[in-house]
Amino acid sequence: MAEAALAPDTARGAAPHRAQPLARRRYALEIRQHMAWRWQALILAAALAAGFAISAAILVAAGVPADELANEFVTQTFLDGQNFRAVLFQAAPMILVGLAGSLAFRARFWNLGLEGQMIWGAIGATAVSIWQLGPEPLRLPLMFAAAIGCGLLWVLGPAWLKLRLGVNEIISTLMLNYMAANFLLHLVYGAWKDPKDSFPYSPQFRVFERLPELGAGIGSAILLAGIVALLAWWLVGVSRAGLYLRFVDANPRVAHANGVPVRRTIYGAVLLSGAMAGLAGFAVAAGQEGRLTQAFYQGYGFSGILIAFLARNNPLAATVVALLVAALFVTGRSLQVFYQVPFSMVQLIQAIIVVCVASSDFFIRHRLRRVGTETAP
Amino acid sequence: MPNALELTGIRKSFDGFAALTDAHFAARWGEVHALLGENGAGKSSLMNIAAGLYAPEAGQLLVDDNAVRFAGPRDAARQRIGMVHQHFKLVRPFTVAQNILLTAPPSAEFRSHGERLRDIARDIRNKASALGFDIDPMRRVDTLSIAEQQRVEILKVLLAGARILILDEPTAVLTDQEAARLLQTVQGLARGGAAVVLVTHKMADVKTYADRVTVMRGGRTVATLRPQDASVAELVKLTVGEAVAASAFRPAPSARGAVRLSVRGLRTPASPEGRRVLDGVDLVLHAGEIYGLAGVGGNGQGELAGAILGLPGEAVEGEIRLEGQGDLKTMAASARRGLGIAAIPADRYGLALAGGLSVAENYAIGRVHTGRYGPVWRLRRGRIQADTQEAVRAFDVQGVRSVAQKAALLSGGNAQKLVLAREFGKSPALVLAHSPSRGLDVRASAEVHARLRAARDGGAAVLLISEDLDEVLQLADRVGVMTRGRIAGEFAQPADRQAIGQAMVDHG
Amino acid sequence: MNGGVILNWLASTPDFAVPYALAALGLILSERAGVLSLGAEGLMLVGALAGIGAQIAIGQPAVSLALAMLAAATVSVLFAVMVIWLRVNQVIAGLALVFFCQGLTALVGSLAGWTNHATEGIGAMGLWPLSLLPGVGRLFEQNAMVWLTLPLFGAVAWFFARTATGLRLRAVGENPQAADAAGIRVPAWRFAAVLAGSALVGLAGAYISVVSTKLWIAGMTGGRGWIAVGLVIFARWSPWKALVGALLFGCIEALIPQLAAAGVQLPQYFVMMTPYAVTLGVMVWVALSRRGADEEPGALGQAYVREERR
């Protein structure tokens, strides 16, 4: 029965004699026009639950006691002050890459180059520090501007290549990721290596080159992320460009036919996406690490995609999802410390959730209908 | 004489739309049986059921008087039914022989692939010459002309053993000579004992080649008769129906004004076979008139509309001048929207409305660039909502519980009314309506027509492109007939329906 | 730059070329059937890990390689179910697969303690009598897998060009509606193509770990899977052109250590960027020349629903 339902194209042929009743029903797969929001939410919740269940099972198999899981993830992460600060710390760049992903995907542009843009954002900020550009009070804003500019420029190439030449942006942005990563290594092992010791990182930023703390140990990066989230929400939900973007996302042909400036809208969204990713790099370099390091960006690329996907490209939802992903990261680190579970578990959990949610979309977009002649001879 | 193929009491709907409500059809061995009807009458759907592609909700299928049920096209092929579709099901980079190999029945003994291809090639050559034409089995399908590809499709079903042949609108894409050759060929097949079903809307073909004809209209079978016993006029009447008791033609209140739109020599590049979709269209439209462009679909109407609106497509040469604005071809589509051109395209969800967005958003996009709904940095949603609600009320768009609901939920008629509400809200200078009442019931159609008349009375120039001759005759001040990419003739109102129908038939 | 260096370079090229070649071949199999497989990077990792694991446990390279193929094919079932049955967007499914495999292989690799565990590889085989030539003979001393790659390519190319089964598979990728109307069961054929293609991609990954480096490190494929995706576009889905492209990339990669050994001073990390830059250049060139569009399988990347339209 399940087989006939899921693969109707392979329904067995009916014998060409008398019409057969119940056993030989034919099913047709139809594209569904619409599903009420509450059903969509229900399916999404079920998918998330399935994803977490599978992840929990794997964690238990890897040696984490089952009852400890709930304790670790919920209580320790959110209710413990220090851990909560760690979550906020981690959330700032997460929110930024999540927003970056959401914005680009809204323009139907697969910006997989978030890590590369982050790297260049950090490089830009570090350059300002190393070359001591600008007077002290302006240093941090200049680093901020450099980060945005570099991130934006690193995505400009793929954007132009796609819109002008039709080059697949998945490959182009990914290749630029690898190139950026190598360039980073070149810098931290070479010209910008801290002479004080033998580790591959840049010299520490000066006090005025770091993002200040807000008090109670919470960094200002999260405030920055919050502001950007609000700006993204404003762009998408309040401004006219948001309406244009919605049309481009829904149906570029209809958008074009109705006078939406499609090219400009796509460029705008994609370049902003790069700028935000660059800002994420700035947040990590100037907010967390305090210098340019060799692997600070790892894990953010896929996280950004995951956040955008789960939040259905909505900026406010992306902020919430980013907080949860940040919590996942923090939990992952403590699992690593206390139970020797490798950190790659976090990536696996993320992938499992994406698989579950993506698969559940089938039920939202399709409907199975039974078709067949009713009258038998 | 037993019926080769019979369908009785067939009912079929798609996502709520009833395509067939009570269809009957019966074809005998050895005859050419035409299935006649307008676009949307249900002919193709009925035959797709016979070919096993769709499953009916009710009704019965009989082959050679035995009841059958098909789970897929393979079952139909096993019953010796073969269908040649309007959109060929050929793999373009493959050769003719390779395509036919896909559907050929497996050979009894083991043959290597190369040997099978040679066998098939030989069969193809034999069959083709028996039918009187010439096909090189080793040529790639994408190097063949449309007529040749069609012959490949026919060979394909014949070599698969078909004795019941269904041809869906076969002459729609052929020149007159190619069409004549094809129909003579199928006539020969029928004389040889096969049953041939010819799905068509062309009366001339029916009169010349069919032994019997079944007429369908609105999803049901209307009549079955011998074409020799009826005149073209009677067939037209059965197909198109009595003129809808609704509006008769109402002339414009004032004389038409200055030239609003002038199209000259619009031409698209020629295909390898030398055909052009647009072949020198010349058209002049005045303010305060409705120009009705009649003609069978597929003769370039969509491309003409697309060229005027600036939609992406093939580059056209020629001139499109809008009064006071110069040549439109130099302007991008987004620029043209600001010029007061209202577009009501045929493809509602492909060009006019974004189904996934709300009714309000679809309404607002029409005027948002004017600043009516706020400056660039802020959309005034309150005003959008109020305007949309007012427009929904004024244009009687039903089924809108909230203007925030998705546009895809609207029924066809209401979606069309939403489009009208948006387009006419701009007080347009030029209205381009392509099949505006397609899929609408009589009442909705009448409302749409009233709006078009009102626009004309208000001084707009209206270009109405429609395959529904009734609609054209009810609305148009002048009627043009478009066939083969150009305007074949123009008629003033009151127009002679028969003459127009003849003009369409002669060239289409 | 003397002859010795050039000879060294050319002799080491096939070793670098084989993973690209095998991965591209696997991708061609599934893409010709219409399924866009962006998960190659992940499947290569799975093959690499499974290969090393088997090698550590059993020690027979041939068996390890076969098990690696099986492992990759098994993981690809998840992908096949997602895109063929559940009609998930093939880009999302491919990305999810890559990250799933990256996480899974890193996890299993570290839990099982296989990281950096050196194993034995397979020896070189000379192609007699060419291997007896003085000097140039070294070019013909390659390991068995290199030699195996050529008939493998021949087999796949022959399969597509000269068998009825290959014809059916191509029909499924070019025009699934036509294939369906001809009675070919599109989902089943696509499934088979994805599994077979993924097995080859897994083999490519296993080659890197079992034959080339003889150990496992998390993430060791380093983007080769993505480059293979670009390679297939560059090769216009033809096996022989893909082989040429693979050789090109093999040459580039083989050049890097040779330059260092020859004492040429180039910034190390810029040199490492070369394969990625070349891939980007290749994609731009393909877009500019625009001839690739004709050979692209007509229905690549589109889910097939025998949708009933009005």
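Residues numbered from 1 in each chain as written. Chains lettered and ligands numbered in written order. Predicted model: local features only at pLDDT ≥ 70, side-chain atom pairs only at ≥ 80, totals over all residues. Heavy atoms only, no water.

Asker: What is the right way to read the overall build of chain C from this model?
Answerer: What chain C contains, in helices and strands, is twelve helices and two strands. Along chain C, helices (α) and strands (β) appear in the sequence α-α-α-α-β-β-α-α-α-α-α-α-α-α when read from the amino end. Computed over its C-alpha atoms, the radius of gyration of chain C comes to 20 Å, within 12% of the 19 Å expected for a compact globule of 310 residues. Per-residue burial over chain C gives 57% buried out of 310 residues. (Helix = DSSP H or I, 4+ residues; strand = E, 2+ residues; numbered from the N terminus. Rg over C-alpha atoms; globule rule 2.2 N^0.38 Å. Buried < 20%, exposed > 50% of the residue type's maximum accessible area, 1.4 Å probe, protein only.)

Asker: How should I be thinking about the nonpolar core in this particular structure?
Answerer: What tends to happen in soluble globular proteins is that the nonpolar side chains get buried as a cluster. Counting residues in each nonpolar core, the largest one holds 245 residues, and the members touching the most others are A:Phe247, A:Phe282, A:Phe296, B:Val431 and B:Leu452. If you tally residues by element for this core, the top one is helix α11 (residues 262–289) of chain A, at 15 residues. Setting aside its immediate chain neighbours within four residues, A:Phe282 contacts A:Gly121, A:Ala122, A:Ala125, A:Leu140, A:Met143, A:Phe144, A:Ala147, A:Leu211, A:Leu224 and A:Gly287. Within the second largest apolar cluster, 49 residues are counted, among which are B:Leu90, B:Ala97, B:Ala128 and B:Leu174. (Core = buried A, V, L, I, M, F, W, Y, C linked by side-chain atoms within 4.5 Å. Contact = heavy atoms within 4.5 Å.)

Asker: Would you take a moment to explain the confidence of the model for chain A for this structure?
Answerer: Detailed conclusions should not be drawn from predicted coordinates in areas where pLDDT is low. All names here are of chain A. Residues with a pLDDT of 70 or more make up 86% of chain A, whose mean pLDDT is 83. Mean pLDDT values over the elements of chain A span from 32, in helix α1 (residues 2–6), up to 94, in helix α5 (residues 114–130). A low-confidence stretch, residues 373–377 stays under pLDDT 50, and its non-local contacts, those more than four residues away or across chains, total twelve contacts. (pLDDT = per-residue confidence, 0-100.)

Asker: Looking at this structure, I do not really get the sheet that holds strand β15 (residues 326–327) of chain B. What am I missing?
Answerer: Strand pairing in a sheet relies on backbone hydrogen bonds. The paired strands run either parallel or antiparallel. Residues and elements named next belong to chain B. Pairing is antiparallel in the open sheet, where four strands are placed in the order β12-β11-β14-β15. Strands with a single pairing partner mark the edges of an open sheet, and in this sheet they are β12 (279–286) and β15. Pairing geometry for strand β14 (residues 317–322) and β15, over two bridges, is antiparallel. Within the sheet, the bridge partner assigned to Arg-321 lies in β15 and is Asp-327. Relative to strand β11 (residues 259–267), helix α9 (residues 301–309) is tilted by about 120°, and along the sheet it contacts β11, β12 and β14. (Pairing = 2+ DSSP bridges. Axes fitted to C-alpha atoms, helices over the stretch in contact; angles between N-to-C directions.)

Asker: Teacher, can you tell me more about the sheet that holds strand β16 (residues 341–344) of chain B here?
Answerer: Residues and elements named next belong to chain B. With respect to topology, six strands assemble into an open sheet ordered β16-β17-β18-β13-β19-β20, the strand pairing being mixed. The two strands at the open ends of the sheet, each matched to only one other strand, are β16 and β20 (486–492). Pairwise comparison of adjacent strand axes, ignoring direction, gives a mean angle of 15° for this sheet. Against the sheet, α9 contacts β13 (289–294), β16, β17 (430–434), β18 (461–465) and β19 (478–483), and its axis sits at roughly 150° relative to β17. The strands touched by helix α14 (residues 412–424) are β16 and β17; relative to β16, the strand with the most contacts, the crossing angle is about 175°.

Asker: Whenever I open this one, the interface of chain C and chain B confuses me. Can you help?
Answerer: Many analyses report the size of an interface as the accessible area lost when the parts associate. Taken together, the 20 residues of chain C in the interface contact 20 residues of chain B. Buried area between chain C and chain B, both sides added, is near 1900 Å², and the carbon and sulfur share of it is 60%. At the surface where chain C touches chain B, the tally comes to zero salt bridges. Connecting chain C to chain B are four residue pairs in polar contact (both at pLDDT 80 or more). Going through the elements one at a time, α6 (164–174) and α7 (176–181) of chain C are the ones with two or more residues in the side of chain C that touches chain B. Considering each element in turn, the side of chain C that touches chain B owes the most residues, six residues, to α6(C). (Buried area = accessible area lost by both parts, 1.4 Å probe. Salt bridge = Lys/Arg side-chain N within 4 Å of Asp/Glu carboxyl O. Polar contact = N/O pair within 3.5 Å; in protein donor to acceptor, adjacent residues only side chain to side chain.)

Asker: Just to check I follow, could you spell out the packing of helix α2 (residues 40–57) of chain C against helix α9 (residues 224–234) of chain C for this structure?
Answerer: Helix packing geometry: the angle between the two helix axes and the distance between the axes. Residue and element names in this part refer to chain C. For the pair α2 and α9, the least separation of the axes is 7 Å and the interaxial angle reads 130°. The angle between the axes of α2 and α9 places the two elements in the oblique class. As α2 packs across α9, the resulting crossing turns out to be right-handed. Taking contact as the criterion, the partners of Ala-40, Glu-41 and Met-44 in α2 are, on α9, Arg-224, Gly-225, Trp-226 and Val-229. (Parallel < 35°, antiparallel > 145°, perpendicular 65-115°, else oblique. Left-handed = near helix turned anticlockwise from the far one by under 90°.)

Asker: Help me understand the pattern of salt bridges in this model?
Answerer: A side chain with one charge may pair with a side chain of the opposite charge, provided their charged atoms come close. For the structure shown, the criterion picks out 30 salt bridges over all chains. Notably, a salt bridge pairs A:Asp194 with A:Arg291, separated by 2.9 Å at the nearest N-O pair. Taken together, the residues A:Asp194 in the loop between α7 (169–189) and β2 (213–215) and A:Arg291 in the loop between α11 and α12 (300–310) connect sequence positions 97 residues apart. Across the pair, A:Arg291 and A:Asp194 agree in class, each one buried. A salt bridge links B:Lys417 to B:Asp396; the nearest nitrogen and oxygen atoms lie 3.9 Å apart. Note that B:Lys417 is positioned in helix α14 and B:Asp396 in the loop between α13 (381–394) and α14, a separation of 21 residues in sequence. Judged by its relative accessible area of 5%, B:Lys417 is buried. Among the ionic contacts, a cluster of salt bridges with common partners joins A:Arg139, A:Arg206 and A:Glu209.

Asker: Where do I start with unusual backbone geometry in this structure?
Answerer: Phi is mostly negative for residues that are not glycine, and the peptide bonds are mostly trans. Of note, the amide linkage connecting B:Gln493 to B:Pro494 takes the cis form, showing an omega dihedral of -5°. With respect to the helices, strands and loops of the structure, B:Pro494 is situated in the loop between β20 and α17 (497–507). One non-glycine residue, C:Asn116, lies in positive phi territory at about 60°. Tracing the sequence through the fold places C:Asn116 in the loop between α4 (90–111) and β1 (124–126). Unlike most non-glycine residues, C:Lys214 shows phi in positive territory, near 60°.

Asker: It is not clear to me how α5(A) should be interpreted in this structure. Could you clarify?
Answerer: The α-helix advances 3.6 residues per turn, and as a result positions three or four apart in sequence lie on the same side. All names here are of chain A. Under the 1.5 Å per step criterion, the end-to-end length of α5 is 24 Å for 17 residues, consistent within 8% with the ideal 24 Å. With 15 of its 17 residues buried, α5 lies for the most part within the structure. Positive backbone phi, at 50°, marks Gln-132, one or two positions downstream of α5. (Expected span 1.5 Å × (residues − 1).)

Asker: So what exactly am I meant to see when it comes to a nonpolar patch on the surface here?
Answerer: Together, A:Leu214, A:Leu223, A:Ile227, A:Leu230, A:Leu231, A:Trp233, A:Trp234, A:Leu316, B:Val376 and B:Trp377 make up a nonpolar patch on the protein surface, roughly 1000 Å² of accessible area in all. Per-element accounting of the nonpolar patch gives the leading share, six residues, to helix α8 (residues 221–238) of chain A. Its location among the elements puts B:Trp377 in the loop between α12 (359–364) and α13. You can call B:Trp377 exposed: its relative accessible area is 56%. (Patch = residues over 30% accessible without salt bridge, like charges linked within 9 Å, V, L, I, M, F, W, Y side chains within 5 Å. Areas by Shrake-Rupley, 256 points an atom, 1.4 Å probe, with all protein chains shown as cover.)

Asker: Please clarify how the pairing of β14(B) should be interpreted in this entry.
Answerer: Within a regular strand, the side chains alternate between the two sheet faces. Residues and elements named next belong to chain B. Sheet analysis places β11 next to β14, joined by five bridges and oriented antiparallel. Bridging from a neighbouring strand, Arg-264 pairs with Glu-319 of β14. Taking the residues between adjacent antiparallel strands as the criterion, β14 and β15 are bridged by three residues, where Gly-324 takes a positive phi near 80°.

Asker: What should I look at first to understand the packing of aromatic side chains in this one?
Answerer: Any two aromatic rings considered together are summarised by their centre-to-centre distance and by the angle between their planes. All chains considered together, the criterion is met by 19 aromatic pairs over all chains. Taken together, a centroid distance of 6.3 Å and an interplanar angle of 85° make the contact between A:Trp131 and A:Trp192 edge-to-face. With A:Trp131 in the loop between α5 and α6 (136–165) and A:Trp192 in the loop between α7 and β2, this pair connects stretches of sequence that are 61 residues apart. On the basis of an interplanar angle of 90° and a centroid distance of 5.7 Å, the ring pair of A:Phe296 and A:Tyr297 is categorised as edge-to-face. One aromatic cluster is present, formed by A:Trp120, A:Trp154, A:Phe183 and C:Phe270 through successive ring pairs. Between the NZ or CZ atom of A:Arg291 and the centre of the ring of A:Tyr201, over which it lies, the distance is 3.6 Å. One residue, B:Arg451, lies across the ring of B:Phe395, its end atom 3.6 Å from the ring centre. (Phe/Tyr/Trp six-rings, centres within 6.5 Å; stacked < 30°, edge-to-face > 60°. Lys NZ or Arg CZ within 6 Å of the ring centre and 35° of its normal.)

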